[in-house]
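The residues making up each chain are set out below.
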Amino acid sequence: MHLSFEQQLSGKYASLSAKLKEAADFVVSHPVDVATRSLRTISKDANLSPATFSRMSTAVGYDSYEDLRDVLRQAIDQRSNTFSHRIGALQDRHNEGDQGFLGQHLLDCATNVQSLEAAINPATLETCVERLHEARRVLVLGALGSTGVAEYLTYMANFIADNWSMANRMGASLASGLVGLDEQDVLIIMTKPPFARNAINAAREAREAGAFVIVITDTHTCPALIHASAYFIIPTQSQHFFSSYAATLVLCEVMVGMLASRAGAPARARIADVELRNRRLSEVWVDD
């Protein structure tokens, strides 16, 4: 069994120089950033040179800084079980007489939602909502299990803004949606294990084009995080074989609610127009 970074560090810390201790302390305090951000960014945030982090890594016992990052990635997320393994565990509990799935799943979902406030950095949330408010275009991409949630987010936002769209809805070309993105635009990526390759690639393409990339996932090992301008790690733990999206839905509703609160009179007029056209097109039931 591999030692955690803290375990590896504990036997070496006393022998480190003052600068190397600063680097080690930063890693302990910011494991998510170190695991997902570039060394140049980490060095700038810590006010230490990249070489200091490299020297600290070898002094602690790693072959390189990248080896240290790999250990952090593995340690941060222990939810690496496959769907087939998790459904097996679920069935085993049932066969052993556990009939409390309903109550346990409700408790898990409630816990995830309650943990959401602690999992979200308010400043990051404000920044994201402001970028969405100012964006020329907002593109939303959610593949596999995240598709429906991405569509729900886009559906809500379309009530108050006309510049939101799904990146690959109904067979539309993902590439065509990404063409023309720049620093005026925002791409929202939703991806959870198993990660959709097109979501990771889209995050990279959009970031290289200068767009503001928001990644919503449930694990710090998500490959899209390295391309993110901002990200949210949402709790999804449950005994279900599938990740719980309850807290993710709440985050989506929070973001659209905050966006609506600053959208002003144009949003009110747009919603009124949408509701009027809904009735004209008989898209909603209206009592006679």
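Residues numbered from 1 in each chain as written. Predicted model: local features only at pLDDT ≥ 70, side-chain atom pairs only at ≥ 80, totals over all residues. Heavy atoms only, no water.

### So, the overall build of the protein chain
Okay, so step 1: Check the secondary structure of the protein chain and you find 14 helices and five strands.
Okay, so step 2: Residue burial in the protein chain is summarised as follows: out of 288 residues, 40% are buried.
Okay, so step 3: In the protein chain, once contacts between residues fewer than 6 apart in sequence are set aside, the share between residues at least 24 apart is 70%.
Okay, so step 4: Looking at the protein chain as shown, the accessible area adds up to about 15,300 Å², and 54% of this sits on carbon and sulfur atoms. (Helix = DSSP H or I, 4+ residues; strand = E, 2+ residues; numbered from the N terminus. Buried < 20%, exposed > 50% of the residue type's maximum accessible area, 1.4 Å probe, protein only. Contact = heavy atoms within 4.5 Å. Areas by Shrake-Rupley, 256 points an atom, 1.4 Å probe, with all protein chains shown as cover.)

### Notes on the environment of Phe5
Okay, so step 1: Note on placement: Phe5 falls in helix H1 (residues 5-10).
Okay, so step 2: Linking Phe5 and Val60, residues 55 residues apart in sequence, is a C-alpha distance of 8.8 Å.

### With respect to the environment of Ser243
Okay, so step 1: The residue Ser243 is located in the loop between strand E5 (230-233) and helix H13 (246-261) in this model.
Okay, so step 2: Sequence-wise, Ser243 and Lys192 are 51 residues apart; in three dimensions their C-alpha atoms are separated by 8.1 Å.

### Brief notes about the pattern of salt bridges
Okay, so step 1: Overall, the coordinates contain seven salt bridges when judged by the stated rule.
Okay, so step 2: As a salt-bridge pair, Arg136 and Asp182 come within 3.4 Å of each other at their nearest N and O atoms. Of this pair, Arg136 sits in the loop between helix H9 (122-134) and strand E1 (138-142) while Asp182 sits in the loop between helix H11 (174-178) and strand E3 (186-190), placing them 46 residues apart in sequence.
Okay, so step 3: Classification of Arg136 by relative accessible area gives partly exposed; the value is 38%. (Salt bridge = Lys/Arg side-chain N within 4 Å of Asp/Glu carboxyl O.)

### Quick notes on unusual backbone geometry
Okay, so step 1: Cis rather than trans, the peptide bond between Pro193 and Pro194 has omega equal to -5 degrees.
Okay, so step 2: Structurally, Pro194 is set in the loop between E3 and helix H12 (197-208).
Okay, so step 3: Located in the positive-phi region is Asn47, a residue other than glycine, with phi close to 60 degrees.
Okay, so step 4: With a relative accessible area of 66%, Asn47 lands in the exposed category.
Okay, so step 5: Positive phi, normally seen in glycine, also occurs at Leu144, with a value near 55 degrees.
Okay, so step 6: Looking at Leu144, the relative accessible area reads 57%, which means it is exposed.

### Structural notes on the nonpolar core
Okay, so step 1: Residues Leu132, Trp164, Ile188, Ile214, Phe232 and Leu251 are the most contacted members of the largest nonpolar core, which totals 35 residues.
Okay, so step 2: Contributing elements (two or more residues each) for this core: H9, E1, helix H10 (147-157), strand E2 (164-166), E3, strand E4 (212-217), E5 and H13.
Okay, so step 3: Among the elements that line this core, the one with the most residues is H13, at seven residues.
Okay, so step 4: Those residues in contact with Leu132 that sit more than four places away from it in its chain are Val138, Trp164, Val186, Ile188, Ile214, Met255 and Leu259. (Core = buried A, V, L, I, M, F, W, Y, C linked by side-chain atoms within 4.5 Å.)

### Some details on the pairing of E5
Okay, so step 1: Burial of E5 is two-sided: the residues Ala230 and Phe232 facing one way and the residues Tyr231 and Ile233 facing the other way are all buried.
Okay, so step 2: Looking at chain direction, E4 and E5 are connected through four bridges and run parallel. Considered in E5, the bridge of Val215 is made with Tyr231. (Pairing = 2+ DSSP bridges.)

### Re the pairing of E3
Okay, so step 1: For E3, the tally of buried residues reaches five of five residues, placing the bulk of the element in the interior.
Okay, so step 2: In the sheet, E1 pairs with E3 via five bridges, with the strands oriented parallel. Residue pairing for E3: Gly142 is matched across the bridge by Met190.
Okay, so step 3: Across five bridges, the pairing between E3 and E4 is parallel. Looking at the pairing, Ile188 lines up with Ile214 of E4.

### Observations regarding the packing of H9 against H13
Okay, so step 1: One way to put it is that H9 packs onto H13 with a least axis distance of 9 Å and a crossing angle of 60 degrees. In terms of orientation, H9 lies oblique with respect to H13. Every pair of crossing elements has a handedness; the one defined by H9 and H13 is right-handed. Across the interface between the two elements, Leu125, Glu126, Val129, Leu132 and His133 from H9 touch Leu251, Val254, Met255, Met258 and Leu259 from H13.
Okay, so step 2: A class-by-class count of the residues in the contact of H9 with H13 yields eight nonpolar, one polar and one charged. (Axes fitted to C-alpha atoms, helices over the stretch in contact; angles between N-to-C directions. Parallel < 35°, antiparallel > 145°, perpendicular 65-115°, else oblique. Left-handed = near helix turned anticlockwise from the far one by under 90°. Nonpolar A, V, L, I, M, F, W, Y, C, P; charged D, E, K, R; others polar.)

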